[in-house]
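In case you want the letters, here they are:
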Amino acid sequence: MGADILQARLNLEVVLGLLAEVANTDPLFRERSRTWRETTWFKALGGPEGWIRFSPDGASHGIGKPEGVTIGLVLLSAIHLNRMFRNEGLPPVPVKGIGRLSFLKKEFTELGTRLQTLTRPGITLRSKEEEHLSTRLMLNAAVRAVPVLAEEEGTCAKLAAATPEGVLEIATLDGAFSGWIRKEGGRFTAGLGKPERVTARMLFRDLDAARIVLTGKETGFAAIGLGLTRIEGLIPLVDNVSLIMDRLERYLA
Amino acid sequence: MTEKNEMLENTTERGEGFTYPRSRALLERACRVIPGGIYGHFGPPPCVPPEAYPFFSDWAEGSRFRDVDGHEFIDYMCAYGPMILGYKNPVVDEAFKTQVAKSDTGTLAAPVMVELAEYLCELVPIADWAFFAKNGADVTNLAVMTARAATGRRKIIAIKGGYHGTTPWMQSPGHHGLIPDDWTHVIRIPWNDVNALRQVLEENAGDVAGFISSPYHHPVFADNELPAPGYWDEVSRLLRRHGVVFIIDDVRAGFRLHLGGSCELYGFKPDLICFSKAIGNGYPISALVGVESLRKDVGRVFHTGSFWFGAGPMAAALATLKELKRLDAPALLRETGEKLLNGMVEVAKSHGYTLKVSGEPSMPYLRITDDPTMTLHQYWCAECTRRGAYFTSHHNWFISTAHTEQDIQKTLEICDAAFRTIKKRFGNGIE
C-alpha cells in the first residue's frame, strides 16, 4: 500500500502540476486551455486527493478538495487512481459533472498525451522550443517530487532524515527555470520561483545544459567539471536532495 | 548569499589567479571515455567553484605539485593523506626501487612482508600480528569480517558521519548501487555519545559484533571533534562488557598523531587498527593489526587480492615507518600545523573574519564561521588555490613533514590576498 500511496501522491502532486505547466506554456495548448472552464477533483478512497483547474487566468493545481469543482471523480483506492493515470483498469466513479466527462475523454486526454510526448525518455523532439519545454517539465517534476518522496519512500525518508536544514535553489542561469526545495523543522516543501533565502544552489548554465544532465548524457560529476552545472553553499543539502531526485525515475519514467 | 550574478562572477576573467585550459581540455577528453571524467573523491563536485581548481597534475616533489597548465601549488591535501613525508621522498623511493629491482608482484610472498609485519608489531603496542592489503576499505572490511567471525554476531556500530570506505555496508543509505540489506546490520550513533552506545548495545544485546570508529571524528563538511574526556575509557568498558570487537579506523589519522596508532595519543587500547594512507608515503598498501585473541579468527577469514603481496610497496612502507620514527613525525607535524594554523587565524582576524580550526593540527579542518552556508569559506579556499596554496573546503587538510617554514610564510601571504579578495566581493559575511 505504501508504494501505491506514493505513486498516487506523485500523480496528484507532480503529474497534475506538469499538466498545468503544459497547459500554461506549450504553444499548442496555451491559448486553447484558457477557453476551458473546468475544475476536476480526484479522490482516492483511503488515500490522497488533488485537483487541476483550467480557467481564463490559466491552469493551476493543488491537493485536497478545491472550491468550485465541476467534475468530481472518486477512485476506489490509490491503486485504482494510479491505474487511471496509466489509462488502465476500471473508469473512476463520477460524483459530480457526469455531463462534462467528455472534457476528460477529449481535451484532458490530449493534454496528457502531449505531456507524455514531451517527457518520454529518449524521444527526439521537433524543435528547440519543445526541448526547452520538456526540460522545464523535468526540472519542475524533480522539484515537486522531493517532498512526496521524502515522506513516502523508504530510502528517501532515510536520506531526508540525514539532510541538513536549509533552502536549496535549483535554477538555470538564463532565468528560464527557478525553483526551490526547503527543509525546515524536519519537513520538506518545494515550489517554483526564486526563493528569498538560499542555503545552497544547484545551478545549470542554461536549459540545454540542464537537459544534458537530466537525460543522463553527462554525469553530475562531469557536468560540474565541464561548467554545465555548479553547486555551492551547503553541499550536503545538494547531495542528499540530488539523491532523492534521482529516485524519481523509478516512479515517473 | 549575495546576488547570483556576483556569486557566479568568474574572477579568472578579470585576470586574477590561475586558469586551467589544459586541465579543462583533458577533462573533456576524459569524459568521453571515463564515466564522470574523474571519479570518486578526486572528482569535480567538492571543488567549489570548479573554475578555481585544476583537475590534472603531472609533477610533484616535496610539499608541492604542478598542474598540467604549469602552475605550482603548495599542497595541503597531500593526495588526501598518503603523502606524509612529501612527494618523491628519497629514502622511501630508494627502498621501493631497490625492492622492485629484486621483485615486486610475484608468484610467492616476498621476505619483506615478514619484515614489515615484525616492524609493525614492534611499533604499534596493541599489534600481535599484521595483515596487508592495498586500500583502507580492504582492511576495514577485513576488520568487520573478523569481528563477525570472532563473535558469530551480525551488527556493526559506527559513528554518524564516519567514513570507512565505499563498500556497500559502509555507505549511507540512498547512494546508487545499494540495497536496504546493505545497511540493515549497521547502526549509526552520534560521536562522543556514550549513552547512545550503551542504549544500542542493550537493545541489540548478543547481536553486536563490532564497533568501528576513527580515533577522533573527522567528517567532511563539518567541524572535526576530538574525544571528550573519558569517552574512550567508557567506550572500551562498554564494549568489553558486551563482548564487542573494538575496531579503530586509523586510515586517515594513522602515524600522524602517534606512531603506535592514534589510540596511544588518546590512551586506549582497541582490538583491531586499520592503517593505510600514510603508511607507504604514496605507495599502495594498507594494514590491519590486531590483538592475540583475534589471531585465530582473522586467520580463518578468506580475504585476498591480486596485488596485495606486492613487495615494492611493502619495502616503501617499512622505509616510511622508519623515517617517520627518525623524524619524530607526529611532533613535527603538530608543530608545523600549529604554526600554519595560528598564522591563518591571525590573518583572518586582521580582515575581520573568524577562521575556526578543529581536529588535530596535523590534519586540521578549517571553516570561516561568518557564513553558515559555507559559501564564503568555499570562495576563500578557491581564492587560495588560484594563488598557489591548494585547499579544498569540505575535507580536513593534511600537513606533511615536507612542508617548510618558507611554505608556511608563502601560504600566509596567499591567505592574506585571498581574504582581501573575498572581503571586496562579499563584505563581512554572507547573510
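The structure under discussion appears in the preceding block.
Quick notes on the rules
- Residues numbered from 1 in each chain as written.
- Chains lettered and ligands numbered in written order.
- Predicted model: local features only at pLDDT ≥ 70, side-chain atom pairs only at ≥ 80, totals over all residues.
- Helix = DSSP H or I, 4+ residues; strand = E, 2+ residues; numbered from the N terminus.
- Rg over C-alpha atoms; globule rule 2.2 N^0.38 Å.
- Buried ≥ 20, exposed ≤ 12 C-beta atoms within 10 Å, placed from the backbone.
- Contact = placed C-beta atoms within 7 Å.
- Core = buried A, V, L, I, M, F, W, Y, C linked by C-beta atoms within 7 Å.
- Nonpolar A, V, L, I, M, F, W, Y, C, P; charged D, E, K, R; others polar.
- Pairing = 2+ DSSP bridges.
- Axes fitted to C-alpha atoms, helices over the stretch in contact; angles between N-to-C directions.

Caption draft 1: Molecular detail of the overall build of chain B. Looking only at helices and strands, chain B has 14 helices and 13 strands in total. Relative to the 2.2 N^0.38 estimate, which gives 22 Å for 431 residues, the radius of gyration of chain B is 22 Å and therefore close to what a compact globule would have. Oriented by its inertia axes, the alpha-carbon framework of chain B measures out at about 65 × 55 × 45 Å. Taking all 431 residues of chain B together, 50% fall into the buried category. Long-range contacts, defined as pairs at least 24 residues apart, comprise 75% of the intrachain contacts of chain B with a sequence gap of at least 6.

Caption draft 2: Here's a closer look at the nonpolar core. Ranked by internal contacts, the top residues of the largest apolar core, which has 200 residues, are Val146(A) and Ala287(B). Other than its neighbours up to four places away in sequence, Val146(A) contacts Ile181(A), Phe188(A), Ala190(A), Val241(A), Ile244(A) and Met245(A).

Caption draft 3: Representation of the interface of chain A and chain B. Between chain A and chain B, the contact holds 24 residues from the first and 29 residues from the second. At the level of elements, helix 6 (154-161), helix 8 (220-225), strand 10 (229-233) and helix 9 (235-246) of chain A are the ones that each hand at least two residues to the side of chain A that touches chain B. For the side of chain A that touches chain B, a count of residues per class yields 15 nonpolar, 5 polar and 4 charged.

Caption draft 4: Spatial organisation of the sheet that holds strand 6 (residues 166-172) of chain A. All names here are of chain A. Read across the open sheet, the 5 strands follow the order 8-7-6-9-10; overall the sheet is mixed. Of all strands in the sheet, those bounded by a partner on one side alone are strand 8 (187-192) and strand 10. This sheet shows a mean twist of 10 degrees between the axes of neighbouring strands, independent of strand direction. In the sheet, strand 7 (residues 178-184) pairs with strand 8 via 6 bridges, with the strands oriented antiparallel. Paired with glycine 179 across the bridge in strand 8 is leucine 192. Packing against the sheet, helix 5 (residues 128-152) makes contact with strand 6, strand 7 and strand 8, and its axis sits at approximately 160 degrees to strand 8.

Caption draft 5: Spatial organisation of unusual backbone geometry. Residues and elements named next belong to chain B. In this structure, the amide linkage connecting valine 48 to the following residue, proline 49, adopts the cis form with an omega of -10 degrees. Structurally, proline 49 is set in the loop between helix 2 (21-33) and strand 1 (57-61). In this model, lysine 88 sits at a positive phi of 55 degrees, which is unusual for a non-glycine residue. Judged by local crowding, lysine 88 falls into the partly exposed class, with 15 C-beta atoms found within 10 Å. Notably, asparagine 281 is not glycine yet its phi reads approximately 45 degrees, a positive angle. One can find asparagine 281 in the loop between strand 9 (272-275) and strand 10 (286-290). The exposure class of asparagine 281 is buried, given the 33 C-beta atoms found within 10 Å.

Caption draft 6: Highlighting the pairing of strand 5 (residues 155-159) of chain B. Residues and elements named next belong to chain B. Most of strand 5 is tucked away, with 5 of its 5 residues classed as buried. A two-sided burial pattern is seen for strand 5, the buried positions comprising Lys155, Ile157 and Ile159 on one face and Ile156 and Ala158 on the other. Pairing between strand 5 and strand 7 (residues 208-213): 4 bridges, direction parallel. Each bridged residue has a counterpart across the sheet, and for isoleucine 156 the counterpart in strand 7 is glycine 210. Pairing analysis gives 4 bridges linking strand 5 to strand 6 (residues 186-189), with the strands arranged parallel. Bridging across to strand 6, isoleucine 157 finds its partner in isoleucine 187.

Caption draft 7: Highlighting the pairing of strand 12 (residues 365-368) of chain B. All names here are of chain B. Residues Tyr365 and Arg367 of strand 12 are buried on one face, and the alternating residues Leu366 and Ile368, pointing to the opposite face, are buried as well. Pairing of strand 11 (residues 355-358) with strand 12 involves 4 bridges; the strand directions are antiparallel. Bridge pairing links lysine 356 to arginine 367 in strand 12. Counted along the chain from strand 11 to the antiparallel partner strand 12, the turn is 6 residues long, and its residue glycine 359 has a positive phi close to 85 degrees.

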